[in-house]
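Results of the structural survey
Chain by chain, the residues run as shown.
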Amino acid sequence: MSARESSLDTVQRELTAFARRARATAARMHPELSLVAYTILAHLEEQQGCRATDLAAHYLLDKSTVSRQVASLEKLGFIERRVDEADHRVQVLHLAPGGIEILAAARARRQESIQVRLAEWDPEDLERFARYLVRYNADAAAHP
């Protein structure tokens, strides 16, 4: 195995461990708020609302999967549907007050957790890690 192949194997293994930890952390933060639900709420906040079809396209999911997630989040009082002012035939999903609250609480807990994990890191290492994550995610978005 070449050094590059070994590095790629390590990256894959560590990203898998990272994703597993992220799902477990999301479940502990709010038993009814999965990692997928958290990311949907965060996306709705960032976009200031969007259609369910936009969510499906953004996350590369089928509409039925998104529909189930949306129904669950609506039932929990985390999101609400509003008529699109530009096209009254379209419903746009927005964060409901409960969604704003749970997202802020989850974000604060995640931030605390990250601060604890990285407390001993050298500032330069932390800055480099942050840059690499931004670069990785930009590349991932460009090559889904």
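Here is what the cut-offs are and how they apply
Residues numbered from 1 in each chain as written. Predicted model: local features only at pLDDT ≥ 70, side-chain atom pairs only at ≥ 80, totals over all residues. Heavy atoms only, no water. Helix = DSSP H or I, 4+ residues; strand = E, 2+ residues; numbered from the N terminus. Buried < 20%, exposed > 50% of the residue type's maximum accessible area, 1.4 Å probe, protein only. Patch = residues over 30% accessible without salt bridge, like charges linked within 9 Å, V, L, I, M, F, W, Y side chains within 5 Å. Areas by Shrake-Rupley, 256 points an atom, 1.4 Å probe, with all protein chains shown as cover. Salt bridge = Lys/Arg side-chain N within 4 Å of Asp/Glu carboxyl O. Lys, Arg positive; Asp, Glu negative; His and termini not counted. Charge placed at Lys NZ, Arg CZ, Asp CG, Glu CD.

Of note in this structure, glutamine 48 is not a glycine but carries a positive phi near 55 degrees. Structurally, the position occupied by glutamine 48 is in the loop between α2 (35-47) and α3 (52-59). On the basis of relative accessibility, which here comes to 66%, the residue glutamine 48 falls in the exposed class. Of note, the phi angle at leucine 60 is positive, near 55 degrees, even though the residue is not glycine. Within the secondary structure, leucine 60 is located in the loop between α3 and α4 (63-75).

This part takes up a positive patch on the surface. Taken together, the side chains of Arg20, Arg21, Arg23, Arg28 and Arg117 make up a positively charged region of the molecular surface. Element by element, the count of residues in the positive patch is highest for helix α1 (residues 3-29), at 4 residues.

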